[in-house]
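# Structure at a glance
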Amino acid sequence: MEFRVLLAEPDAALAEPVRESLEGEGYLVSPVRTAGELLDAVSRHSYEFLVTDARLLESGEVPLLYFLASHNPNTQVVVTFSASEAGGALRASQQGAHLSLLKPYRPSDLLTILGKLRGVVEAEESLPSVEEATPFLFHGMVGRSGAMRRVLRIAAKVAPTDSTAMITGETGTGKEL
């Protein structure tokens, strides 16, 4: 399988060696430099991975991670940030970013992270979709509503990793299941 990476980095001096390194490892890389280009790219194409500078996520009027989640919910997001942008990286993780990477970083650091996230993508593809699965997919839990399908998709994403997931919702909605 070819893995597509959207590399959103305004600094060309950093973006170019990262792009070359990723392509050298077989990734298909689409570089963008601005929040507008990033928004346009996620509107038109789907990617397995988004590697983005935290500043680009906060520079537009549209909350880009929410937009991405609605258009490409399976995209794994890595946010890069400098020490002075740590607040932006934290906000990105609260909005659904999977991992953060402190700048400056070596392309090999990013390759290590993408290698781990590849396991998530591959596991996700091997799982049946909620629509295809039996009604008792997760230990007898039955759910056909859109909301329950989203929860089960997220559970399927998190299950093969050692990540912790927090499910929130109103009292009586079945979070403890």
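Our structure is the block above this text.
Description of the structure in this document. These numbers come from a predicted model, not from an experiment.

## Some details on empty space enclosed by the protein
Counted by the stated rule, this structure contains 1 cavity of 30 Å³ or more. Counted as a void, the largest cavity has a volume near 30 Å³. Taken together, Leu38, Val42, Leu50, Leu57, Leu64, Leu65 and Leu68 form the lining of the largest cavity. Among the secondary structure elements, those contributing two or more residues to the lining of the largest cavity are α2 (35–44) and α4 (64–71). Looking at side-chain class alone, the lining of the largest cavity contains 7 nonpolar, no polar and no charged residues.

## Topic: the pairing of strand β5 (residues 99–102)
In this sheet, β5 lies alongside strand β4 (residues 76–81) in parallel orientation, the contact comprising 4 bridges. Bridging across to β5, Val78 finds its partner in Leu99. This β-α-β element, β4 to helix α5 (residues 86–94) to β5, shows right-handed connectivity.

Conventions we followed
- Residues numbered from 1 in each chain as written.
- Predicted model: local features only at pLDDT ≥ 70, side-chain atom pairs only at ≥ 80, totals over all residues.
- Heavy atoms only, no water.
- 1 Å grid on protein atoms, 1.4 Å probe; cavity = no way out; pocket = protein on both sides within 12 Å on 5 of 7 lines; lining within 4 Å.
- Points joined across faces, edges and corners; volume = space filled by probe spheres on them.
- Helix = DSSP H or I, 4+ residues; strand = E, 2+ residues; numbered from the N terminus.
- Nonpolar A, V, L, I, M, F, W, Y, C, P; charged D, E, K, R; others polar.
- Pairing = 2+ DSSP bridges.
- Right-handed = clockwise from strand over helix to strand, strands pointing away.

Everything listed here is a matter of coordinates, which is why it stays silent on function.
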